[in-house]
Every structure is written in C-alpha cells, then in structure tokens.
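# Structure at a glance
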Amino acid sequence: MCAFHLTRRRTMAPPPRLDRLSIWDPIHLGVDEYATDVACTLIYRHLLLAGEPGAGKSNALNLVVAHAALSTDCELWLMDSKRVELGPWRELAERFVGPNLDHAIDTLAELQAEIDHRYDLLDSGRRRKIESADQLPVIMLVIDELAYYSATIGEKRQRETFAMLLRDVVARGRAAGIIVVAATQRPSSDIIPTSLRDLFGYRLAFRCTTDSSSDIVLGHGWASRGYDASTIDPAERGIGWLLAEGGIPRRMRCAYLTDQQVSAIAAYALQLRYPPTQADEPPEDPHEQDQHPDHLPAEHDQDGEDTDV
Ligand SMILES: Nc1ncnc2c1ncn2[C@@H]1O[C@H](COP(=O)(O)OP(=O)(O)O)[C@@H](O)[C@H]1O
Ligand SMILES: [Mg+2]
C-alpha cells in the first residue's frame, strides 16, 4: 500500500558531503593587475613572504593555511611567535610552536628525522620523490616571523642551530613532501641569505623599505628593471610582487580573509578532519528509530504531503 511512500524515503538526498581541497592543487592567492586569478602550486616548492610590518604577510599566510587546513592530505606544523596570527588554526595543527626557541628547534629536528625517514622509503623503492599515490601526508611548515627564531631570541648557538635545521628542511624537504612557507618583516641578507632564498620556488615581496631589500626577496637586479616592492604605496596593503620559479615578478593583490572568515574556515576544517562520532551526535528521535517505514503515518513524509497513495 505504501510502495510510493517507501521509494520516496529511500531516495532521499544523502547527507551533504563536506567539500575538501587537496594540497596537490593550486592555492588561490588573489588577482593580478588584469584581474586574473593568481594561484601557486606549493607541492615540491616553498613560499617566502617578506615586507614591512602591516604590509599583508600574515593575511597571505592565512590564505595558504586555509587551503592547507581544508586539504585533508596535508598536516600543518605552525610556528608563530605571537601565537595570535596562526592561533585560529591551532586545534588543527599537528604541531604548534609559540615563542620558545627550544621548542622550535625540537620541532625542526623532528621534521628533519621525518625527511630522513621519507628518503629511506624513496631510496628503498629507487624513487626520487613522494607522489600523491603514496598516501603520505604532505607536511606544511608555516613560520610567521622567521627572524624571531633565527635572529632575535635565545643564544647565538641556539639561533644557529635553528637556522641550520631550517636550511636542511628547506633544502631536502621538497621531494619528501615537505612544504615550507615562511614570512619575515626583515628582508635583509642575514635573515634571508641568497643561498636560502634561492631554495624558495615562490617569493612574494610586499612593500619593502628599500629597493635593495626588495631585491633580497625577489633576487638581485629585479628592482632596477622596475619590479621594485619599495615603490608600493604603504596604504596599499596586500599588494606585492610574486615571483614564481623561472618567471618574471607579477604584481598582485592578495585576497583578504576577515577574522570571522578565518574562524569559520577553521571550524569547518576541524569537522572535515575530525568528523563527529556517533557518541557526539544528538540521540535520534525515538519515534523515527522504532517505527518501520511501512507503519509511518503519511504526515511523516519529508515534504509534509500526503503521498500515501
Ligand atoms: N589583501 C589585503 N587586502 C586588504 N587589506 C589587507 C590585506 N592584507 C592585509 N590587509 C590589512 O592590513 C593589515 C595588516 O596585515 P597583516 O597581514 O597583519 O600584515 P603583516 O603581517 O605584514 O604585518 C590587516 O589587518 C588588514 O587590515
Ligand atoms: Mg604579521
């Protein structure tokens, strides 16, 4: 008698699937001067961001971290000396380092050991790099204010240890599925020596104080050819020159995420990564549970229509 009723109940739309991203996909950063989307694919590459305080570095970091947070194939390892810039992602992060240099050193040493382990795997399989089919999580290490750890706190020996470990992670991490995204407001040669800078496949120079500091980020000679981040108007926050490996710098404006949007994305990403278990869910309506669909009165139909034909 209620065949139609049953069919309708069985073909109800499935619960909505939570959309997720992948760290192997391009990451949207903003638009260029022609309003064309600008994205970067960070797998096998690293990203360096530099510029004056207030130029837009932390916001750009948040764009990248938001994509990584929504990518369940990526682990987040975060270092933020202020704790508040990357703080909204803390619950999602595998590691979160605040203003503690020993903790930062231990975390880098752990990452270095993971890189060694991954190279053992690659070596045993006679392969050169991690592929997505390996099902190993990509690890994204994000550092907001590199100079805090490499040049500000602790003793000289500790800072050198930090810098040495970071150099190794940046140099050997790429093929092992480790991405480094680092920001600094001190684009000077002691913080970003050329040998370290050149290991970053993407470099984004926000407003810099001088043309030489712009060149320290982008590379020697770009400022004299007109690609000079010191000419960016200080009021133009979020504008920068993005240099991708082998290309010419591209002037762009980063997309902007408000604090509310960052919180909402972080909450959504938390659900994606740790779906609520049955124990977390509210108990089902006992009437719904106990009754066989055949015995359901017609008014229980989804649309509230009498479909019991
Ligand atoms: N892409 C952007 N578009 C619009 N405003 C931005 C953008 N990026 C940053 N801002 C503004 O500039 C302020 C400073 O940005 P922030 O990312 O904290 O700079 P930094 O980390 O370089 O000191 C932000 O609070 C925001 O008001
Ligand atoms: Mg900042």
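A quick note: this is a predicted structure, and the numbers were derived from the prediction, not measured.

Here the focus is the overall build of the protein chain. Helices and strands together make up the secondary structure of the protein chain, namely nine helices and 10 strands. Counting all 309 residues of the protein chain, 39% fall into the buried class.

Glancing now at the sheet that holds strand β8 (residues 202-206). Strand order in the open sheet made by the 10 strands is β2-β1-β10-β9-β8-β3-β7-β6-β4-β5, with mixed pairing throughout. Each having just a single partner strand, β2 (37-40) and β5 (95-97) make up the two edges of the open sheet. Each adjacent strand pair in this sheet contributes to an overall mean axis angle of 25°, direction not counted. Two elements, strand β6 (residues 138-144) and strand β7 (residues 178-184), share six bridges in a ladder whose sense is parallel. Opposite Asp144, over in β7, you have Ala183 as the bridge partner. Contacting β4 (74-80), β5, β6 and β7, helix α3 (residues 101-124) crosses the sheet at an angle of about 145° to β5. Running at roughly 135° to β7, helix α5 (residues 156-173) makes contact with β6 and β7 of the sheet.

Val65, Ala69, Leu76, Met140, Leu141 and Val142 are the most contacted members of the largest nonpolar core, which has 86 residues in total. With sequence-adjacent residues up to four places away left out, Leu76 is seen in contact with Val65, Ala68, Ala69, Trp89, Leu92, Ala93, Glu94, Met140 and Val142.

Position of Phe206 among the secondary structure elements: in strand β8. Sequence separation between Phe206 and Pro234 is 28 residues, and the spatial gap between their C-alpha atoms is 9.5 Å. Beyond its immediate chain neighbours, meaning those up to four positions away, Phe206 contacts Leu49, Ala50, Gly51, Glu52, Ala55, Gly56, Lys57, Ala229 and Gly240.

Turning to the pairing of β8, a few remarks are in order. The element β8 is largely enclosed, with a buried count of five among its five residues. The alternating pattern of β8 places Tyr202, Leu204 and Phe206 and Arg203 and Ala205 on opposite faces, both of which are buried. Judged from the four bridges that link them, strand β3 (residues 47-50) and β8 form a sheet pairing that is parallel. Of the residues in β8, the one forming a bridge with Ala50 is Ala205. The pairing of β8 with strand β9 (residues 239-244) spans five bridges and is classified as antiparallel. By the bridge assignment, Ala205 is partnered in β9 with Trp241.

To continue, consider helix α8 (residues 259-273). For α8, spanning 15 residues, the distance from its first C-alpha to its last is 21 Å, which sits close to the expected 21 Å at 1.5 Å a residue. Listed in full, the buried residues belonging to α8 are Val262, Ile265, Ala266 and Ala269. Looking straight down α8, one finds its buried side chains confined to an arc of 100°; they lie on one side. Exposed residues pointing more than 90 degrees away from the buried face of α8 are listed as Gln260, Ser263, Ala267 and Gln271. In the core, the buried residues of α8 are packed alongside α2 (57-69).

A few words on the site of ligand 1. What surrounds ligand 1 is the set Gly51, Pro53, Gly54, Ala55, Gly56, Lys57, Ser58, Asn59, Arg237, Gly238, Cys254 and Tyr256. Considering every element that reaches the shell around ligand 1, the biggest residue donor is α2, with three residues. Residue classes in the shell around ligand 1 are distributed as four nonpolar, six polar and two charged.

Take the packing of α3 against α5 next. As a packed pair, α3 and α5 sit with axes 9 Å apart at the nearest point and diverge in direction by 30°. With respect to α5, the axis of α3 lies roughly parallel. For the element pair α3 and α5, the recorded crossing hand is left-handed. Packed against α3, whose contacting residues are Leu101, Ala104, Ile105, Leu108, Ala109, Leu111, Gln112 and Ile115, the element α5 presents Gln158, Thr161, Phe162, Leu165, Leu166, Asp168, Val169, Arg172 and Gly173 at the interface.

Before going further, it helps to spend a moment on the confidence of the model for the protein chain. Put simply, the protein chain has an average pLDDT of 88, and 84% of its residues get 70 or more. In this model residues 1-11 is a low-confidence stretch, pLDDT under 50, and it forms 11 contacts with partners more than four residues away in sequence or in other chains. With pLDDT under 50 throughout, residues 289-309 is counted as low confidence; its partners more than four residues away or in other chains account for 19 contacts.

With that settled, consider unusual backbone geometry. For Gln135, which is not glycine, the phi dihedral falls at a positive 60°. Here Gln135 shows up in the loop between α3 and β6. A count of 8 C-beta atoms within 10 Å places Gln135 in the exposed class.

Quick notes on the rules
- Residues numbered from 1 in each chain as written.
- Chains lettered and ligands numbered in written order.
- Predicted model: local features only at pLDDT ≥ 70, side-chain atom pairs only at ≥ 80, totals over all residues.
- Helix = DSSP H or I, 4+ residues; strand = E, 2+ residues; numbered from the N terminus.
- Buried ≥ 20, exposed ≤ 12 C-beta atoms within 10 Å, placed from the backbone.
- Pairing = 2+ DSSP bridges.
- Axes fitted to C-alpha atoms, helices over the stretch in contact; angles between N-to-C directions.
- Contact = placed C-beta atoms within 7 Å.
- Core = buried A, V, L, I, M, F, W, Y, C linked by C-beta atoms within 7 Å.
- Expected span 1.5 Å × (residues − 1).
- Arc of directions from axis to C-beta.
- Near = placed C-beta within 6 Å.
- Nonpolar A, V, L, I, M, F, W, Y, C, P; charged D, E, K, R; others polar.
- Parallel < 35°, antiparallel > 145°, perpendicular 65-115°, else oblique.
- Left-handed = near helix turned anticlockwise from the far one by under 90°.
- pLDDT = per-residue confidence, 0-100.

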